[in-house]
Each structure stands twice: as structure tokens, then as C-alpha cells.
Amino acid sequence: MSESSDDTKIRIVKIHDGTVIDHIRAGKALEVLKILGITGKDGNVVTLAMNINSSRIGRKDIVKVEHRKLASAEVARIALVAPEATINLIEDSKVIEKTRVELPDTISNVVVCTNPRCITNKEREPIRPNYEVTSKDPIQLKCLYCWNHIEEEDIISQFTR
Ligand SMILES: [Zn+2]
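The present account deals with the structure reproduced in this document.

What counts and what doesn't
Residues numbered from 1 in each chain as written. Predicted model: local features only at pLDDT ≥ 70, side-chain atom pairs only at ≥ 80, totals over all residues. Heavy atoms only, no water. Helix = DSSP H or I, 4+ residues; strand = E, 2+ residues; numbered from the N terminus. Buried < 20%, exposed > 50% of the residue type's maximum accessible area, 1.4 Å probe, protein only. Contact = heavy atoms within 4.5 Å. Areas by Shrake-Rupley, 256 points an atom, 1.4 Å probe, with all protein chains shown as cover. Donors = N, O, S within 2.8 Å, 3.2 Å for Na, K, Ca; no water. Tetrahedral: all angles 85-135°; square planar, octahedral: opposite > 155°, others 65-115°. Pairing = 2+ DSSP bridges. Axes fitted to C-alpha atoms, helices over the stretch in contact; angles between N-to-C directions. Salt bridge = Lys/Arg side-chain N within 4 Å of Asp/Glu carboxyl O. Parallel < 35°, antiparallel > 145°, perpendicular 65-115°, else oblique. Left-handed = near helix turned anticlockwise from the far one by under 90°. Nonpolar A, V, L, I, M, F, W, Y, C, P; charged D, E, K, R; others polar.

Section: the overall build of the protein
Argument step 1. Assigned secondary structure in the protein consists of four helices and nine strands.
Argument step 2. In terms of overall dimensions, the protein has C-alpha extents of about 50 × 35 × 25 Å along its principal axes.
Argument step 3. Split into buried and exposed, the 161 residues of the protein put 40% on the buried side.
Argument step 4. Excluding contacts between residues fewer than 6 apart, the proportion of contacts in the protein whose partners are at least 24 apart in sequence is 60%.
Argument step 5. Put simply, the protein shows about 9,300 Å² of open surface, and 48% of that area lies on carbon and sulfur atoms.

Rendered as C-alpha cells:
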């Protein structure tokens, strides 16, 4: 793969098992770590590289976390801050699974509508929030119930609270 031959010139610590999140938009690696609740205090190796040249997305960040697999809810959140990311699952120092994060045109749940009067925020209404992805860079969502627009910074602040 020509894309990865370019990317693998970067020599950062290899992990024996865990997860490598590659092709994170430049500057977003710290948000990804926060989304995953990774503080580095659990003693596992965490490697972070920022502003690496990428043939696919220009500049990118990479996060490697040892002894960690991602839950699907975490992947759904990562898709909203790093929609081009690829997630590599590492076992015995080999990539055993490579998946590309997907940001669909509409999403449900994941994000809370920032309009407090939105019906999806009424406790007695069991309505799942639904959003249209109106922009992918920067990310912007439109609530399909109240038409409120939710900006990327609101999404990130919800995820990293
Ligand atoms: Zn709403």
C-alpha cells in the first residue's frame, strides 16, 4: 500500500497488543484520548504523535494505546472528532484487524441536542435523538427534531466532560 509506506516512515514505539488509531485529524489526538478516558495513569504505554505528514489527509495525529480495545460506543464518538481515522487492533505485534471509522449521513444517540427545549431532552419523552450530518469538516450536526445546529466544539465538549 503506497499510503502506508509513506506513513510507516514514522518510527514511534511499537506496541505488542492494543489499539492504534491512525489518520486522526491533526490536532485532535488529545480529544481522542479524552474520549477514551486515557490519562496515562494506569501504567500502560500510550504513544502520541501529532502533525505527521499523511498522503491521505495532509497532516494527521496517531495514538497508540497498549492493552486496550475500543468499544463500539467509543468508535462512534471517535467518528465525530476524527472521521477519517483508522483503527488497528494489534495482537502479538501484528495488525489483526483494521477498520476505518465511518461517519454516516445521519446518526442517532451519541450526542445530546444542545437545545434544552428540544423534545429529545424531555425526560418523559422516550425519543431517540436523530441528527443529520450537515458538514464533515468541521463537523456540524442538525437535530432532526428541532433543527438546532450542533457545532464540533459542542460535540467535543460533550465527549470530554
Ligand atoms: Zn434538538
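What follows picks up the thread again.
Quick look at the coordination of the zinc ion
Put simply, a metal with four donors set out as a tetrahedron has ideal angles of 109.5 degrees, and one with six donors set out as an octahedron has ideal angles of 90 or 180 degrees.
Argument step 1. For the zinc ion, the full set of protein donor atoms is C113 (SG), C118 (SG), C143 (SG) and C146 (SG), at a range of 2.3 to 2.4 Å.
Argument step 2. Coordination at the zinc ion is tetrahedral: its four donor atoms span angles of 102 to 116° at the metal.
Argument step 3. On the primary sequence, the residues serving as donors to the zinc ion are separated as C-x4-C-x24-C-x2-C. Residue C118 is found in the loop between β6 (106-108) and β7 (130-136), and its partner C143 is found in strand β8 (residues 139-143); the two are separated by 25 residues along the sequence.
Argument step 4. The exposure class assigned to C118 is buried, which follows from its relative accessible area of 1%.

A closer look at the sheet that holds β6
Sheet strands pair via backbone hydrogen bonds, and the direction of the pair is either parallel or antiparallel.
Argument step 1. On the basis of which strands lie adjacent, the open sheet formed by four strands has the order β6-β7-β8-β9 and antiparallel pairing. Each edge of the sheet is formed by a strand with only one pairing partner; in this case those strands are β6 and β9 (149-151). Each adjacent strand pair in this sheet contributes to an overall mean axis angle of 35°, direction not counted.
Argument step 2. The pairing of β7 with β8 spans five bridges and is classified as antiparallel. Each bridged residue has a counterpart across the sheet, and for V133 the counterpart in β8 is L141.

A word on the environment of A82
Argument step 1. In this fold, A82 is placed in the loop between α3 (72-81) and β4 (86-91).
Argument step 2. Separated by 50 residues in the primary sequence, A82 and V32 have C-alpha atoms spaced 8.0 Å apart.
Argument step 3. For A82, the residues in contact, after removing those within four places along its chain, are I24, R25 and V101.

A look at α3
In an α-helix, one full turn covers 3.6 residues, which means residues spaced three or four apart are oriented alike.
Argument step 1. Among all positions in α3, only E74, I78, A79, L80 and V81 are buried.
Argument step 2. Against β1 (18-25), α2 (29-35), β6, β8 and α4 (152-159) lie the buried residues of α3.

A short note on the pattern of salt bridges
Side chains that carry opposite charge are capable of pairing whenever their charged atoms lie near each other.
Argument step 1. Inspection of the entire model under this criterion finds seven salt bridges.
Argument step 2. Between R25 and E84 there is a salt bridge; the shortest N-O distance is 3.0 Å. With R25 in strand β1 and E84 in the loop between α3 and β4, the pair connects residues that are 59 residues apart, well separated along the chain.
Argument step 3. Since its relative accessible area comes to 21%, E84 is described here as partly exposed.
Argument step 4. One salt bridge connects D137 with R25, and the closest N-O pair in it is separated by 3.3 Å. Residue D137 is located in the loop between β7 and β8, and its partner R25 is located in strand β1; the two are separated by 112 residues in the primary sequence.
Argument step 5. Shared partners join several salt bridges into a network, and the residues in it are R25, E84 and D137.

Describing the packing of α3 against α4
Argument step 1. Their axes nearest at 10 Å, the elements α3 and α4 cross at an angle of 150°. One element, α3, and the other, α4, form an angle in the roughly antiparallel class. Where α3 crosses over α4, the two elements pack in a sense that is left-handed. Of the residues in α4, those in contact with R77, L80 and V81 of α3 are I155, I156 and F159.
Argument step 2. The class makeup of the residues in the contact of α3 with α4 is five nonpolar, no polar and one charged.

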